[in-house]
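Coordinate inspection notes
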Amino acid sequence: MGVEAHATNERVTGRRWTVRLDPVGRGRADVRVSCSRPACAAQVLPSAAAGRTAAIGHLKAHLRAGPAPRPSAQCACRAEECHTHIRPAGPRERPVPWRCGGAVVLAVITDREGRWWQVMECCSRCAAAHPTAKVVATAPAVEAPARSDGFRAGAAAPTTPGGIAPPGSPAATTPTFSAAGPHFSHSATATAAGTAVPQQASAPRSDHRSDPRSAPRSARPPRRRPPRGRIAQRLVPHDLRPVALRDELTELGELFRAYQARTEPDLAMLADLHARKAEAFHAWAEATADTGLRLDARRAEQAAATARLQHLHRIGQAPDGEGPAVARLLTAPAQWNHARSVLAHVAETAPLPGAEARLLVVMVTLRTAQSGVGNLVGQDIKGLPLSDPEQLVGQLVESGWLGISGTVEELIASRPENPTQITVPSLTPDEDDPGPFTFGRKLRPKLSGWAQRVVGEKKLRKGKTEAGVRLLALALATGSDGEGRLGPGGEGIGVDTLSSWCAVDPGDLPALVDRLTAADWLAEADITGTHLTGKLTERVLPLGCPLT
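Residues numbered from 1 in each chain as written. Predicted model: local features only at pLDDT ≥ 70, side-chain atom pairs only at ≥ 80, totals over all residues. Heavy atoms only, no water.

Attention now goes to the overall build of the protein. For the protein, the helix and strand inventory stands at 16 helices and 16 strands. The buried share among the 548 residues of the protein stands at 38%. Across the protein, contacts joining residues at least 24 apart in sequence account for 60% of those joining residues at least 6 apart. (Helix = DSSP H or I, 4+ residues; strand = E, 2+ residues; numbered from the N terminus. Buried < 20%, exposed > 50% of the residue type's maximum accessible area, 1.4 Å probe, protein only. Contact = heavy atoms within 4.5 Å.)

This next bit is on a negative patch on the surface. Among the surface-exposed residues, Asp388, Glu390, Glu409 and Glu410 lie close enough to one another that they form a single negatively charged patch. Position of Glu409 among the secondary structure elements: in helix H11 (residues 408-413). (Patch = residues over 30% accessible without salt bridge, like charges linked within 9 Å, V, L, I, M, F, W, Y side chains within 5 Å. Areas by Shrake-Rupley, 256 points an atom, 1.4 Å probe, with all protein chains shown as cover. Salt bridge = Lys/Arg side-chain N within 4 Å of Asp/Glu carboxyl O. Lys, Arg positive; Asp, Glu negative; His and termini not counted. Charge placed at Lys NZ, Arg CZ, Asp CG, Glu CD.)

What follows concerns empty space enclosed by the protein. Evaluated as defined, the whole model comprises three cavities of 30 Å³ or more. Approximately 80 Å³ is the volume found for the largest cavity. Contributing to the lining of the largest cavity are Leu360, Met363, Val364, Arg367, Leu376, Asp380, Ile381, Leu384, Ser448 and Gln452. Per-element accounting of the lining of the largest cavity gives the leading share, four residues, to helix H8 (residues 355-368). Roughly 40 Å³ of volume is contained in the second largest cavity. Taken together, Arg26, Ala369, Gln370, Leu427, Pro429, Pro434, Gly435, Pro436, Phe437 and Phe439 make up the full set of residues lining the second largest cavity. Its residues assigned to classes, the lining of the second largest cavity comprises seven nonpolar, two polar and one charged. (1 Å grid on protein atoms, 1.4 Å probe; cavity = no way out; pocket = protein on both sides within 12 Å on 5 of 7 lines; lining within 4 Å. Points joined across faces, edges and corners; volume = space filled by probe spheres on them. Nonpolar A, V, L, I, M, F, W, Y, C, P; charged D, E, K, R; others polar.)

This part is about the packing of aromatic side chains. In the structure shown here, the tally under the stated rule is two aromatic pairs. The interplanar angle of 80° and the centroid separation of 5.5 Å between the aromatic rings of Phe281 and Trp284 together place this pair among those described as edge-to-face. Taken together, the positions of Phe281 and Trp284, both in helix H5 (residues 267-288) and three residues apart, correspond to about one turn of that helix. With relative accessibility at 0%, the residue Phe281 sits in the buried group. Look at Phe437 and Phe439: their rings are 5.5 Å apart centre to centre, the planes differ by 25°, and that puts the pair in the stacked class. As far as the burial class goes, Phe437 and Phe439 line up, both buried. (Phe/Tyr/Trp six-rings, centres within 6.5 Å; stacked < 30°, edge-to-face > 60°.)

Formed by 71 residues in total, the largest nonpolar core has its most connected members in Leu476 and Trp521. Discounting chain neighbours no more than four positions away, the residues touching Trp521 are Val454, Glu457, Leu460, Ala473, Leu516, Lys535, Leu536, Thr537, Arg539, Val540 and Leu543. Of all hydrophobic cores here, the second largest spans 19 residues; its members include Leu267, Leu270, Ala271 and Leu273. (Core = buried A, V, L, I, M, F, W, Y, C linked by side-chain atoms within 4.5 Å.)

Before going further, it helps to spend a moment on the packing of helix H7 (residues 333-349) against helix H12 (residues 443-455). Direction vectors running N to C along H7 and H12 enclose 65°, while the axes themselves pass 11 Å from each other. Taken together, the axes of H7 and H12 lie roughly perpendicular to each other. Note that H7 runs across H12; the crossing there is right-handed. Along the contact surface, H7 presents Gln335, His338 and Ala339, while H12 presents Leu443, Lys446, Leu447 and Trp450. (Axes fitted to C-alpha atoms, helices over the stretch in contact; angles between N-to-C directions. Parallel < 35°, antiparallel > 145°, perpendicular 65-115°, else oblique. Left-handed = near helix turned anticlockwise from the far one by under 90°.)

Right, let's talk about the pairing of strand S7 (residues 116-123) for a bit. Burial analysis of S7 places seven of its eight residues in the buried class, which makes it a mostly covered element. With five bridges joining them, strand S2 (residues 16-23) and S7 adopt antiparallel strand pairing. Within S7, the residue paired with Arg20 across the bridge is Trp116. Pairing geometry for strand S6 (residues 104-110) and S7, over seven bridges, is antiparallel. The residue bridging Leu106 from the neighbouring strand is Glu121, located in S7. (Pairing = 2+ DSSP bridges.)

Turning our attention to the side chain of Asp296. Take Asp296: it is sitting in helix H6 (residues 291-315). A polar contact of 3.1 Å, which involves the side chain of Asp296, links it to the side chain of Arg234. Among all residues touching Asp296, those that are not within four sequence positions of it are Arg234 and Phe281. (Polar contact = N/O pair within 3.5 Å; in protein donor to acceptor, adjacent residues only side chain to side chain.)

Put into C-alpha cells, the structure is as follows:
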C-alpha cells in the first residue's frame with residue numbers, strides 16, 4: 001500500500017487509535033476498557049489495576065499484530081494543526097506540507113494518570129514534541145527515484161578502498177528495513193530507527209596531520225544527552241549542577257510515580273518523600289533563583305507535615321510535644337465532615353416530626369446513603385428506643401419516604417440470615433441527580449457503624465435513655481473539638497440548634513443534658529438561655545468527630 005502511494009505521489013493519512021480506561025459508574029470499583037478500533041469490544045474489569053493491565057495488554061497485542069509504520073504516511077496529528085508543522089522555512093530546509101521532519105514512526109502517547117493510551121503514525125519530530133510519547137517502531141527507508149546518471153538519491157552504497165561506491169552496486173538499490181518489531185520503549189534506538197550508521201572506509205595514511213573537521217558527519221559519534229528526569233510536572237535540566245541535586249530530583253520523581261502506582265497508601269513513606277522534595281526544591285531554587293521553586297518547596301513542607309500528622313492519627317500516636325492521641329473510630333477529617341453532612345441532611349429532610357422518627361430516619365439514611373438501597377433486620381429497629389416501631393415504620397412507608405420489599409410485620413420479624421431490602425427514593429442517584437452525599441461505598445458502612453456505636457453506647461443502652469438523649473449524643477459527638485470541648489474553640493453550641501436537631505422543645509433540653517451527664521458522657525456541662533458549654537468525657541472521645 002505504501003509503495004502504491006509513493007508511486008502515485010499520494011499521501012495516506014496516518015493511523016490513530018485509542019485505548020481508554022473509564023469508570024463504569026459513580027462509586028463503583030469496576031472499570032471499562034474500550035478501544036476505538038471498530039472490531040474491538042469493550043471489557044469490564046473488577047478494579048482499576050486489572051483494567052490498566054488489560055488495557056496495556058490489548059494495546060501491545062495491536063502493536064504486535066499490526067503492520068509497521070508506512071514511509072509515505074501523512075502525520076496523524078497534521079489535521080489538528082500540530083504546532084511542530086507550523087514553523088518558518090529555514091535557510092536549508094523548505095517546509096513540507098505533509099511532514100515536519102524525520103522518519104515516520106509509530107508512537108504511543110499516554111496521559112499522566114494512566115487513563116488512556118493513543119497510538120499515532122506520525123513524524124519523529126512530532127513524536128518528540130509530545131512529552132509522554134514512546135516510539136515503538138520506525139518506518140523503513142524508502143527507495144528514492146533513480147537519477148539520470150544511474151544513481152539513486154539518498155541510497156547507501158558500499159565503499160571501495162578509495163571510499164567511492166560503484167554505480168549500480170546492490171547496496172545502492174537495496175533499502176534498509178527495521179529489524180525491531182513493535183514494542184514499548186523509552187526512546188528510539190538505532191535499531192528501531194531503521195537507519196544503519198555507515199562505517200568509514202580506511203584511507204591511506206598521509207604525511208600531513210588529519211583534520212577532525214574534515215571527517216564525514218556520519219563518522220562522528222552521535223551526541224547523547226543524559227536522560228532528563230521529571231518531578232511535579234517539571235523537567236529536571238540535564239545540565240543542572242551539582243550533579244547530586246539533579247540525581248536526587250530524578251530519583252524523587254521516580255519514587256513519587258511508584259508511590260502513585262501503589263494499591264495501598266503509606267502515609268509515613270509519603271511524608272518522607274515530601275520532606276525530601278522540599279529540601280531538594282530549596283536547593284534547586286538556590287541554584288536557579290526561581291521563585292516558583294521556593295513556593296513549591298514550601299508547599300512540599302506543608303504536605304509532609306499533613307501526611308505525617310494523618311499517619312500519627314491513624315496509628316493512634318500523638319505528634320511530638322503533645323499528649324496521647326485519641327484512637328478515634330472515624331480517623332480522618334473528611335470522614336468527620338461526611339458524618340456531619342448526613343446529620344444536617346436528615347435535619348432538613350426528615351419526613352415526620354418527633355425524636356423517635358428522627359432517630360429512625362438517621363439510622364435508615366446511613367444504611368442507604370450511597371445508593372438509596374440497603375438491608376434491614378428486625379433487631380436493627382427493635383434495638384432503638386422506639387415506643388411503637390411497627391407504627392413508626394408504617395408511617396414512613398405511607399409517607400413515601402421509605403420503601404420495603406415486604407410488609408412491616410415481615411421487616412420486624414426478619415433475621416440476619418434473611419434481611420429485608422429497603423429503598424429510600426430521595427437518596428437514589430440518577431443521571432440528573434447524583435444524590436446528596438459524595439462519599440463512596442467503602443465509607444458508608446464506617447459511618448453507619450460509627451452512628452450505631454454512639455446510639456447503642458453501653459451506658460446509654462443500660463440507662464434506657466430515650467431517643468432525644470441518643471440524638472443529643474450524636475450532635476455533641478460531631479460538635480466538639482479535638483479535646484472534646486463543645487463548639488468551635490470551646491465556646492459552646494446554640495440551644496436552638498440542639499433542640500431543632502433533637503426534635504424537642506428548648507425547655508426539655510436541660511433534662512437531656514442531665515441524662516448524658518449521668519451516663520458519663522458530659523462533664524462541666526452548663527446550659528444557659530443561648531448555649532450549652534462543657535466537654536465530652538475522656539471515655540467517649542474515640543466516638544467524636546472533631547471540628548477542624
